[in-house]
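# Chain and residue survey
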Amino acid sequence: MHSSFRCVKALVWACAATVLAGSAIAQDKPTLKISDYGQWEMLRRASISNDGRWMIIQVGRVDGETYTVIRNCDTPDKILLQNVGTAEFSEDSKWAAYLIGPSKKEADALREQKKPIETKLGLKNMATGTETVFEKVQNFSFTENSKFLVMAKQQAPDQPGAGDLVVYNLGDGTSITLTNVALYDINKQGDIIALVIESGPKSRGVQLFYPETNSVKQLLWGKDMVSSLGFAPKSNALAFYVGTENEKKVGLSNTVYHYKDVTKSLKPEIFNPNDSKEFPKDYRIVEAPIGMPDDGSYVEFGIGKWEDKVQPSGKPEDKPNVDVWHYKDNDAYPLQQRRSQYEKNRAFPCLWKDGKFISITLSKTDRAFPFKNGKYAMIIDSKPYESPLKEGGITYQDSYIVNLATGEKNLILKKSKFNAYSSAEGNYSFYFKEKQWWLYNNATGSTSCITKDIKADFTDVDYDGPQAERPFERVPLWLKDDKALILFDKYDCYLVDPVTLNVKKVTDGADDRAIYRPIDIDDDEELPSVDKPIYFSVFTEDTKKSGLALLDPKDGFKVLTIDDKLVGGFVRAKASDRVMFTMESFEEPPAVYITNSVFSQAKPVQKTNEQQAKYAWGKTQLISYKALGKDLHGILVYPANYKPGKMYPMITYIYERLSDGLHSYEIPNERNSYDVQGWSQNGYFVLQPDITYKTRQPGVSANICLGEALKAVFAKHVGVDPQKVGLVGHSWGAYQTAFTVTTTKLFAAGVAGAPLTDLVEMYNSFYWNSGESNQVIFEGSQGRMDVPWWKDLKAYMDNSPVFQADKLTKPLMIAFGDSDGAVDWHQGQFFFNTLKRMGKFIVMLVYPGENHGLARKPNQIDYANKVRHFFDVYLKGVKPEPWLSEGMPYLKKLEEQAKPETPKK
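Below: a short report on this structure.

Of regular secondary structure, the chain possesses 13 helices and 53 strands. In summary, the chain has a C-alpha radius of gyration of 32 Å against a globular reference of 29 Å for 905 residues, a match within 12%. In terms of its C-alpha atoms, the chain occupies a principal-axis envelope of roughly 95 × 90 × 70 Å. Contacts in the chain between residues at least 24 apart in sequence constitute 53% of all its contacts with a sequence separation of at least 6. Roughly 44,100 Å² of accessible area belongs to the chain as shown, and the carbon and sulfur atoms make up 50% of that amount. In the chain, which carries 113 positive and 115 negative side-chain charges, the distance between the mean positions of the two groups comes to 3 Å.

Structure, rendered in structure tokens:
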């Protein structure tokens, strides 16, 4: 009996435990607090060793800390490294090297003290796990043959200039230190290191170091400067500049030294401009990087005007300082100022080939592009169409092909919005005209329309801006050796033989509205080849699924994987049947996976944010609606701890088209002013709808699209309270927010970060970050107004929030940096003053010294907090803080700033 009692008691406790466990499971998980955000992780970079056995996965955290995992793809073995920056494997996969820095806290302290931040280098033997650490390393690289590790040492701040280069033998662990190295480059094979040595102000030269024998050969020595040292990409050709000073001129007089193969001859071919009759007078070779083709057979360099040194005369304060803005200026004066340094230092591309100097153009209105094969170049000339008026915001140009051997120049495309382009090797040119793709044979001069017989629309049918008939992809993909090119319509890809002009449709996406695009998953800097498998990304327009497909020359086309998630980051190991990729969704944190080339063995290798399991999490749902004749979508994010039958407020975040981000994992961040994850955690639905536009009706179009999007949400009856919906956006999204909240009753409150409010004034102002006039943007780009304001003043006023200000009935908060170079912050002043004078509810936040996006962390956090609080007040009924209910007078602000900072717990 006693024994039975014990059993019964045990059973009772077991049942109680089960009930308690069930109760705990039924309880809501906690939602995130801002103090929880710091632990959230972001995948920074992932790479795979060539043998497919190991991965390097680098992760950053919201709090600024980082860690790196080197892990085995087949076993649980992994190595955890803290505060690692650049990391890579050797070509033979036997070694991993990585730069190790201080923690974020330590780095911040060093910056505060204005002390240098030192980095170490860690070298890991992947077979034994042994780590060797080298102090004060600035950068590193493995040689291609995997025999050596080359490390540039950090220099002391008070000792700039040439430093030490350490060459470490991976085979025997020995090393040699090369001193006074100013520049270096390693040849493709990894058996020669070219060095620029500077042992004094007028003592420098070029040497070749052979790490296999620890021997050195000197190429030259003297007092002249040496710059732009480099090997050709796939050969032992070497080139550099040797520059001498001229007391009367600004900049060095550079000579080109070119060694076609340093393994065969150390005698250079030297191009000295002073010895060339063809070299233009009063020009010099500038210090732009030297270019060479893969085989190093010729040299490409830039030349520019050689200015005289001018001694300043008089005192600056005694001279007038005036800017003359003239109606005949082709470029706006602020744009001239922005581009002045570029124009002064502009380099015109030239070639030195087969002992001949070749100059392509010296016209400042031309853009010149030598082709890879060194036979042809393209000149894009906009001079015939230059005008101070910039009508339609469109810049036209003519495209010419130049035969570099004969100098013959042929016009192939006249007065086009889009210029012509070169094929990969330079044997062909191609362009988009009259809704078709055209091919020009550079050798024969023949022109062919390669798409006229294809039953497909190659224009971007989704584009709703004023510049119609643009192609879906501006530049088609050329395959290796110019053997073929791939063209795109909205969904599908077409393989074109440039010789026969035969066209083959290789995908079939239109029926399923699946978008296919070729991608190169081989990390080898080679173009895809027509006789090898070609991979394609897949993205379905109506479901937002993504994946990978394969076109095999033998087996044809097939989809390898497609998932209702965001799948990408594909990289194939060079020497193994292994493919690395990443996958995520709103609910599933990013993870790194490994599989084979046909995707039959996918498995996760590294996950992130496993702490998410402890917290409540929302979910996403795709909504569909129709507006302005277009099929549109939106992302509906559910609140964390969502309960059917309960009513929730909703924040609508807008820009243009956002629905493709359905499966993006949203990381909470207190510095993110428009924190979708934070809003979901705070009990909001979040809607991110697509918006399309009718020309000259950007604001009205937004109203229509948003109205239809809200109808689609409400029709789902998921618990969105129609009386508690807020609207928020930044820049163009802020414009639409200010307009919609002002002109409709769709939303209970709005937040607009840097909104356009007066389209007439905005049209006549400048995009100061670039210097260009906003007229270009309004007539030919995002503004979508197509014509200047005086040709349709009504449309400009009807779509300007400031001219609709009397209709505002809801609370509105706008924010600006007073150094905004994108949207003039006077746009905020106009709107604020108008609404204030009308007695309407308007709050404007102004962040001194900030540009279009807030850069200072305290300001980012402040604005994010204020956005969150604003919506909590007007969508949830939270008691407003004094800044929102009463404002903050200037003297009060000074008092607040003078208060000591509250210590963080």
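Next comes the rest of the description.
At a minimum axis distance of 9 Å, the contact between helix 5 (residues 698–714) and helix 6 (residues 732–743) shows a crossing angle of 75°. One element, helix 5, and the other, helix 6, form an angle in the roughly perpendicular class. Packed against helix 5, whose contacting residues are Pro698, Gly699, Val700, Ala702, Asn703 and Leu706, the element helix 6 presents Trp732, Tyr735, Gln736, Phe739, Thr740 and Thr743 at the interface.

Turning next to the sheet that holds strand 18 (residues 253–259). Each strand in a sheet pairs with another by means of backbone hydrogen bonds, the pair being arranged parallel or else antiparallel. The strand order 16-17-18-19 describes an open sheet built from four strands, whose pairing is antiparallel. The strands lining the two open edges of the sheet, one partner per strand, are strand 16 (225–231) and strand 19 (269–271). Sheet twist, expressed as the mean angle between neighbouring strand axes with direction ignored, is 20°. As judged from the five bridges shared by strand 16 and strand 17 (residues 238–244), these two strands associate in the antiparallel manner. Along strand 17, the bridge assignment pairs Met225 with Gly243.

This part covers unusual backbone geometry. Even without being a glycine, Asn83 presents a positive backbone phi close to 55°. Along the chain, Asn83 turns up in the loop between strand 4 (78–82) and strand 5 (84–89). One non-glycine residue, Glu434, lies in the positive phi region at around 55°. Within the fold, Glu434 resides in the loop between strand 29 (428–433) and strand 30 (436–441). Classification of Glu434 by relative accessible area gives exposed; the value is 57%.

Attention shifts here to the packing of aromatic side chains. Summed over all chains, the structure comprises 48 aromatic pairs. Ring centres of Phe271 and Trp352 lie 5.6 Å apart, and the angle between their planes is 35°; this geometry places the pair in the tilted category. One end of the pair, Phe271, is in strand 19; the other, Trp352, is in strand 22 (residues 348–353), with 81 residues separating them in the sequence. Using a relative accessible area of 6% as the deciding quantity, one classes Phe271 as buried.

Scanning the model with the defined rule gives 42 salt bridges in all. One salt bridge connects Asp453 with Lys452, and the closest N-O pair in it is separated by 3.2 Å. You'll find Asp453 and Lys452 in the same group, each marked exposed. With a closest N to O distance of 2.8 Å, Lys544 and Asp660 form a salt bridge. With Lys544 in the loop between strand 37 (534–540) and strand 38 (546–552) and Asp660 in the loop between strand 46 (648–654) and helix 4 (676–681), this pair connects stretches of sequence that are 116 residues apart.

Membership of the largest hydrophobic core comes to 52 residues, with the highest contact counts inside it found for Leu636, Met650, Phe685, Leu687, Leu756 and Phe778. By residue number, the principal contributor to this core is helix 5, which donates seven residues. In this structure, Leu636 is in contact with Lys619, Thr620, Gln621, Ile623, Met650, Phe685, Val686, Leu687, Val713 and Val718, ignoring residues within four places of it in sequence. Formed by 38 residues, the second largest nonpolar core is a distinct cluster that contains Met42, Ile651, Ile667 and Met813.

End to end, helix 10 (residues 826–838) covers 18 Å across 13 residues, agreeing with the expected 18 Å (1.5 Å per residue, within 8%). Those residues of helix 10 that are buried lie in contact with helix 6, helix 7 (759–763), strand 52 (812–817) and strand 53 (842–847). Within two residues after helix 10, Gly839 carries a phi angle of roughly 80°, on the positive side.

We now examine the sheet that holds strand 1 (residues 41–48). One open sheet accounts for four strands, arranged 1-2-3-4; its pairing is antiparallel. Strands with a single pairing partner mark the edges of an open sheet, and in this sheet they are strand 1 and strand 4. Put simply, the sheet's adjacent strands are angled 20° from each other on average, direction ignored. Two strands pair when backbone bridges link them, and strand 3 (residues 66–72) and strand 4 are joined in this way by five bridges, in the antiparallel orientation. Bridging across to strand 4, Val69 finds its partner in Leu80.

Moving on: the pairing of strand 5. Relative to strand 6 (residues 95–100), strand 5 is paired through four bridges, and the arrangement is antiparallel. Opposite Glu88, over in strand 6, you have Ala97 as the bridge partner. Connecting strand 5 to the antiparallel partner strand 6 that follows it, the hairpin turn spans five residues, and Ser93 within it adopts a positive phi of roughly 70°.

All right, on to the side chain of Thr740 then. By secondary structure assignment, the location of Thr740 is in helix 6. Accessibility expressed as a relative area gives 0% for Thr740, which makes it buried. Only 2.8 Å separates the side chain of Thr740 from the backbone oxygen of Gln736, close enough to count as a polar contact. With sequence-adjacent residues up to four places away left out, Thr740 is seen in contact with Ala702, Asn703, Leu706, Leu727, Leu746 and Phe747.

A word on the environment of Thr174. Relative to the helices and strands, Thr174 resides in the loop between strand 11 (163–169) and strand 12 (175–186). The class for Thr174 is partly exposed, based on a relative accessible area of 41%. With 50 residues separating them in the primary sequence, Thr174 and Asp224 have C-alpha atoms 34 Å apart. The residues contacting Thr174, other than those within four sequence positions of it, are Val167, Tyr168 and Asn169. A distance of 2.6 Å separates a polar atom in the side chain of Thr174 from a polar atom in the side chain of Asp172.

Glancing now at the state of the cysteines. Cysteine pairs can be linked by a disulfide, which is a covalent bond between their two sulfur atoms. Tallied over the full model, the rule gives zero disulfides. As a non-bridged cysteine, Cys449 has Cys493 as the owner of its nearest cysteine sulfur, 19 Å distant. Judged by its relative accessible area of 14%, Cys449 falls in the buried class.

What follows concerns a negative patch on the surface. Together, Asp520, Asp523, Asp524 and Glu525 make up a region of like negative charge exposed at the surface. The topology assignment puts Asp520 in the loop between strand 36 (514–519) and strand 37. The exposure class assigned to Asp520 is partly exposed, which follows from its relative accessible area of 37%.

It is worth spelling out the environment of Leu229 at this point. Turning to its location among the elements, Leu229 is positioned in strand 16. Judged by its relative accessible area of 12%, Leu229 falls in the buried class. Placed 33 residues apart in sequence, Leu229 and Val196 show a C-alpha to C-alpha distance of 7.6 Å. With residues up to four places along the chain from it excluded, the contact list for Leu229 reads Leu183, Tyr184, Asp185, Ala194, Leu195, Val196, Val206, Leu238, Ala239 and Phe240.

Attention now goes to the environment of Asp520. When the C-alpha atoms of Asp520 and Ile534 are compared, they prove to be 7.5 Å apart, with 14 residues separating the residues in sequence. Excluding its chain neighbours within four sequence positions, the residues that come into contact with Asp520 are Glu526 and Pro528. In this structure the side chain of Asp520 is engaged in a polar contact, spanning 3.1 Å, whose partner is the backbone nitrogen of Asp522.

Turning our attention to a nonpolar patch on the surface. Taken together, Leu793, Met797 and Phe803 make up a surface patch of nonpolar side chains, about 230 Å² in accessible area. Here Leu793 is to be found in helix 9 (residues 793–798).

Parameters at a glance
Residues numbered from 1 in each chain as written. Predicted model: local features only at pLDDT ≥ 70, side-chain atom pairs only at ≥ 80, totals over all residues. Heavy atoms only, no water. Helix = DSSP H or I, 4+ residues; strand = E, 2+ residues; numbered from the N terminus. Rg over C-alpha atoms; globule rule 2.2 N^0.38 Å. Contact = heavy atoms within 4.5 Å. Areas by Shrake-Rupley, 256 points an atom, 1.4 Å probe, with all protein chains shown as cover. Lys, Arg positive; Asp, Glu negative; His and termini not counted. Charge placed at Lys NZ, Arg CZ, Asp CG, Glu CD. Axes fitted to C-alpha atoms, helices over the stretch in contact; angles between N-to-C directions. Parallel < 35°, antiparallel > 145°, perpendicular 65-115°, else oblique. Pairing = 2+ DSSP bridges. Buried < 20%, exposed > 50% of the residue type's maximum accessible area, 1.4 Å probe, protein only. Phe/Tyr/Trp six-rings, centres within 6.5 Å; stacked < 30°, edge-to-face > 60°. Salt bridge = Lys/Arg side-chain N within 4 Å of Asp/Glu carboxyl O. Core = buried A, V, L, I, M, F, W, Y, C linked by side-chain atoms within 4.5 Å. Expected span 1.5 Å × (residues − 1). Polar contact = N/O pair within 3.5 Å; in protein donor to acceptor, adjacent residues only side chain to side chain. Disulfide = S-S within 2.5 Å. Patch = residues over 30% accessible without salt bridge, like charges linked within 9 Å, V, L, I, M, F, W, Y side chains within 5 Å.

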